[in-house]
Amino acid sequence: MDLGGIFPSSVLYLLFAAILLLSAHQMFCKRKAPSSAEEFGIPQDRWAASLRLNSSYPEPITKQEIAYSVTRVWLGMILMYAAGAVSALLGIGSGVLKVPAMDSALRLPIKVSSATSNFMIGVTAAASAGIYYVRGDVFPRVAAPVALGSICGAYLGTRILMRTSNERIRTLFVVVLLVLAVKMIFAALRGDNSGGGI
Amino acid sequence: MERILAGLLRYGALVASGWMALGMVLSLFKDVLPLKTLSDRCLAIGIALLIALPVLRVALMTGVFLLEKDYRFAAISCAVLGIIALGFLLGTFNPQIQFH
């Protein structure tokens with residue numbers, strides 16, 4: 001195994017691992033933080049009000065509606081753009097970058113950001129999958145069982161998400177971020193262009 | 001109205017899964033020749049349905065926003081549709097671009 005100098009892809013992987021570790025640290029510190037921006041006394045964001053982003057969601061455990069408000073919409077747009085670009089560049093799913101971005105920058109509740117990220121990635125994945133499908137790059141024999149398994153897993157995961165506490169979700173996400181960061185560092189050290197099937 | 005949209009995604013995923021499961025079951029009987037192509041077609045139908053579902057949802061949302069005369073959000077979802085369509089066109093009509 002010979003490093004042979006710094007390949008650009010290795011630098012990208014290291015950078016990505018750094019971003020993942022930073023996101024993990026941010027989410028770890030926020031585990032016990034209050035989930036509403038109003039508790040900080042932050043003034044209403046003009047863009048959030050005009051785009052009607054503030055809303056509420058029902059919490060199954062305590063059976064009440066939890067209202068949330070969104071702040072720093074401009075920062076969210078920049079981060080979402082960067083997440084999409086990086087994920088397309090490295091071939092990694094963008095949810096890993098989007099959920100911490102929504103959690104820290106926009107200060108959404110973790111369940112809302114997780115569900116929103118799911119929907120966003122569904123739309124973008126459908127767009128690119130459509131392109132591949134029409135070009136004939138999709139093998140139905142392989143894709144169909146994978147898709148079926150993913151659908152069942154996602155359905156079960158959504159059910160579990162509704163019943164789990166916010167803190168546990170954040171902790172699980174921190175673990176996933178750390179594992180991915182380690183994988184990224186290994187990919188950077190290997191010096192090849194594969195993302196290790198992330 | 002929101003319930004129709006949510007139901008579309010959920011039941012659409014179920015229908016697509018049904019087609020794919022049917023295709024997988026039929027592919028077990030590979031030796032019977034008509035069933036082989038039939039199974040491949042079933043799989044293809046299921047996959048195509050699955051891919052089209054989120055795009056269909058965005059299109060429906062655009063229609064709902066127009067019905068509610070919410071022109072700002074209709075413009076936003078229309079822009080999303082436009083971006084998807086642009087990527088689609090670039091992919092199909094430009095074979096020089098290599099997607100890895």
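Residues numbered from 1 in each chain as written. Chains lettered and ligands numbered in written order. Predicted model: local features only at pLDDT ≥ 70, side-chain atom pairs only at ≥ 80, totals over all residues.

Take the overall build of chain B next. When helices and strands are tallied, chain B shows 3 helices and 0 strands. Reading the helices (α) and strands (β) of chain B from amino to carboxyl end gives α-α-α. Sequence separation of at least 24 residues holds for 44% of the intrachain contacts in chain B that already meet a minimum separation of 6. (Helix = DSSP H or I, 4+ residues; strand = E, 2+ residues; numbered from the N terminus. Contact = placed C-beta atoms within 7 Å.)

A count of helical and extended segments in chain A gives 7 helices and 2 strands. Traced from its N-terminal end to its C-terminal end, chain A shows the element sequence α-α-β-β-α-α-α-α-α. Of all 198 residues assigned to chain A, the portion counted as buried reaches 27%. Put simply, of all contacts in chain A between residues at least 6 apart along the chain, 68% involve residues at least 24 apart. (Buried ≥ 20, exposed ≤ 12 C-beta atoms within 10 Å, placed from the backbone.)

This next bit is on helix H7 (residues 166-190) of chain A. For H7(A), spanning 25 residues, the distance from its first C-alpha to its last is 36 Å, which sits close to the expected 36 Å at 1.5 Å a residue. Inspection of H7(A) places A:Ile169, A:Arg170, A:Phe173, A:Val174, A:Leu177, A:Leu180, A:Ala181, A:Met184, A:Ala187 and A:Ala188 among the buried residues, and these make up the whole buried set. (Expected span 1.5 Å × (residues − 1).)

Listed as interface residues are 20 residues of chain A and, on the opposing side, 24 residues of chain B. When contributions to the side of chain A that touches chain B are tallied by element, the ones reaching two or more residues are helix H5 (110-134) and helix H6 (140-163) of chain A. Sorting elements by how many residues they give to the side of chain A that touches chain B places H5(A) first, with 10 residues. Taken together, the residues of the side of chain A that touches chain B sort by class into 16 nonpolar, 2 polar and 2 charged. (Nonpolar A, V, L, I, M, F, W, Y, C, P; charged D, E, K, R; others polar.)

Time to look at the packing of H5(A) against helix H3 (residues 71-92) of chain B. One way to put it is that H5(A) packs onto H3(B) with a least axis distance of 9 Å and a crossing angle of 25 degrees. Taken together, H5(A) and H3(B) sit at an angle that is classed as roughly parallel. As H5(A) runs across H3(B), the sense of the crossing is right-handed. In contact with A:Ala127, A:Gly130, A:Ile131 and A:Val134 of H5(A), H3(B) contributes B:Ile84, B:Gly87, B:Phe88, B:Gly91 and B:Thr92. (Axes fitted to C-alpha atoms, helices over the stretch in contact; angles between N-to-C directions. Parallel < 35°, antiparallel > 145°, perpendicular 65-115°, else oblique. Left-handed = near helix turned anticlockwise from the far one by under 90°.)

Below, the discussion takes up the nonpolar core. One finds A:Ala17, A:Leu20, A:Leu177, A:Ala181 and A:Met184 to be the most contacted residues of the largest nonpolar core, which totals 26 residues. Residue assignment for this core shows that the elements contributing at least two residues are helix H1 (8-29), helix H4 (95-104) and H7 of chain A. At 9 residues, H7(A) tops the list of elements feeding residues into this core. Those residues in contact with A:Ala181, other than ones at most four positions away along the chain, are A:Ala17, A:Leu20, A:Leu21 and A:Ala24. A:Tyr133, B:Cys42, B:Ile47 and B:Ile84 belong to the second-largest nonpolar core, a separate cluster that totals 19 residues. (Core = buried A, V, L, I, M, F, W, Y, C linked by C-beta atoms within 7 Å.)

Time to look at unusual backbone geometry. All names here are of chain B. Even without being glycine, Lys69 reaches a positive phi, approximately 60 degrees. With respect to the helices and strands, Lys69 occurs in the loop between helix H2 (33-67) and H3. Its 7 C-beta neighbours within 10 Å are what place Lys69 among the exposed residues.

What follows deals with the packing of H4(A) against H5(A). All names here are of chain A. Running from N to C, H4 and H5 cross one another at 140 degrees; their axes reach a closest spacing of 9 Å. Classed by the angle they form, the pair H4 and H5 counts as oblique. In this structure, H4 meets H5 at a crossing whose hand is right-handed. Between H4, through Gly95, Lys98, Val99, Met102 and Asp103, and H5, the contact on the second element is made entirely by Ile110, Ser113, Ser114, Thr116, Ser117, Met120 and Ile121. For the contact of H4 with H5, a count of residues per class yields 5 nonpolar, 5 polar and 2 charged.

In this structure, A:Thr164 sits in the loop between H6 and H7. Residue class for A:Thr164 comes out partly exposed when judged on the 16 C-beta atoms lying within 10 Å of it.

Turning to the confidence of the model for chain B, a few remarks are in order. Residues and elements named next belong to chain B. In the predicted model, chain B carries a mean pLDDT of 79, and the fraction of residues at 70 or more is 87%. For chain B, per-element mean pLDDT is lowest for helix H1 (residues 2-26), which scores 77, and highest for H3, which scores 85. The ipTM value of the predicted complex is 0.72, and its pTM value is 0.69. (pLDDT = per-residue confidence, 0-100.)

When pLDDT is averaged along chain A, the result is 75; 72% of the residues meet or exceed 70. For the stretch residues 1-6 of chain A, pLDDT sits under 50, and the model shows 3 contacts to residues farther than four places along the chain or on other chains.

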